[in-house]
Amino acid sequence: MDFPELFEPDQWCPLGNHERRDLLARALLAALRDEPGVQDTRIEAGTVERPYDYTAVVETDVGNLKTPLWSHARAEIFCDPSIHVANRRQLAPGLDLQRAADRLRARLNVRFTLEARGLTLTLAPEPGVERTWTAERARFRDRTAVTREDVVAKAGDVDLRDLLAHFYSGPSLRVEAEDGTAFLLPAASEEEGRLVTLCLACQRWSEGPATSCASCGGPVETVLAARPARR
């Protein structure tokens, strides 16, 4: 990606908000220019709860596609001179833009078929998972249904409750069986943040999960990088 400002704090941080958005939009368009249906790109503010975040928007021939791009929390860390520059580069906007472009690229050319049973489309929401959506209307059976099926190539020996929680998209539920056994099905996370490992000994951090600190070998804690809710 030929946009060095997106990876170097000393080149990014002096820019104003308008300049940052324009730079991100141009870089996103360059990354997706050859994808089908792409007409233009822009950068919008985040959700109502996260107005200072950035959202990537791709304008296509049939409508707009959006995905979270960069959080305000990461922006503050990236421009904090008290943090070592090597650690700050791990949260560079260019890295998040590449990830956002990959997510959008996977959504720009999803195939569908229209058959007697209805409309079916198939996509891969994550590696090793095939998701099929089917909208079916059977007049002779007086039945209309929309179904989703996620086929996992290699799930391993995972607990079925954990597997359900991974793919569940909805509010948190208390689920109870006929014999009274209950468990909590957590709400789907709206955060597309990344895991960060914090060292409890030397206070350094690194991106991604780890079993021990790479710098001092001390104990660590892995958390999701997310901006706290505003009061």
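What counts as what
Residues numbered from 1 in each chain as written. Predicted model: local features only at pLDDT ≥ 70, side-chain atom pairs only at ≥ 80, totals over all residues. Heavy atoms only, no water. Helix = DSSP H or I, 4+ residues; strand = E, 2+ residues; numbered from the N terminus. Buried < 20%, exposed > 50% of the residue type's maximum accessible area, 1.4 Å probe, protein only. Contact = heavy atoms within 4.5 Å. Areas by Shrake-Rupley, 256 points an atom, 1.4 Å probe, with all protein chains shown as cover. Lys, Arg positive; Asp, Glu negative; His and termini not counted. Charge placed at Lys NZ, Arg CZ, Asp CG, Glu CD. Pairing = 2+ DSSP bridges. Axes fitted to C-alpha atoms, helices over the stretch in contact; angles between N-to-C directions. Disulfide = S-S within 2.5 Å.

Participant: Explain the overall build of the protein chain here, please?
Facilitator: Each helix and strand in the protein chain was counted, giving six helices and 12 strands. Its C-alpha atoms give the protein chain principal-axis dimensions of about 70 × 50 × 35 Å. Out of the 231 residues belonging to the protein chain, those deemed buried represent 29%. Once local pairs closer than 6 in sequence are excluded, the contacts in the protein chain between residues at least 24 apart make up 37%. Here the protein chain displays about 15100 Å² of accessible surface, and carbon together with sulfur accounts for 52% of that area. Side-chain charges of the protein chain comprise 30 positive and 36 negative groups, with the mean position of each set lying 2 Å from the other.

Participant: It is not clear to me how the sheet that holds strand 2 (residues 54–60) should be interpreted in this structure. Could you clarify?
Facilitator: Through backbone hydrogen bonds, the strands of a sheet pair up, either in parallel or in antiparallel fashion. The strand order across the open sheet built from three strands is 1-2-3, with neighbouring strands paired in antiparallel fashion. Of all the strands in the sheet, the pair left with one neighbour each is strand 1 (38–45) and strand 3 (63–70). Strand-to-strand, the axes of this sheet are offset by a mean angle of 25°, without reference to chain direction. The pairing of strand 2 with strand 3 spans seven bridges and is antiparallel. From the neighbouring strand, V57 faces strand 3, where its bridge partner is K66. Lying over the sheet, helix 2 (residues 17–32) contacts strand 1, strand 2 and strand 3, oriented at roughly 150° with respect to strand 1. Helix 5 (residues 93–107) contacts strand 2 and strand 3 of the sheet and is inclined by roughly 150° relative to strand 3.

Participant: Please explain the state of the cysteines as it appears in this structure.
Facilitator: A complete count under the given rule lists one disulfide for this structure. A sulfur-sulfur separation of 2.2 Å characterises the disulfide bridge that pairs C13 with C79. One quick way to see it: the torsion about the S-S bond of C13 and C79 is about -100°, and its sign makes the bridge left-handed. Here C13 is found in the loop between helix 1 (9–12) and helix 2, whereas its partner C79 is found in the loop between helix 3 (72–78) and helix 4 (85–89), with 66 residues between them in sequence.

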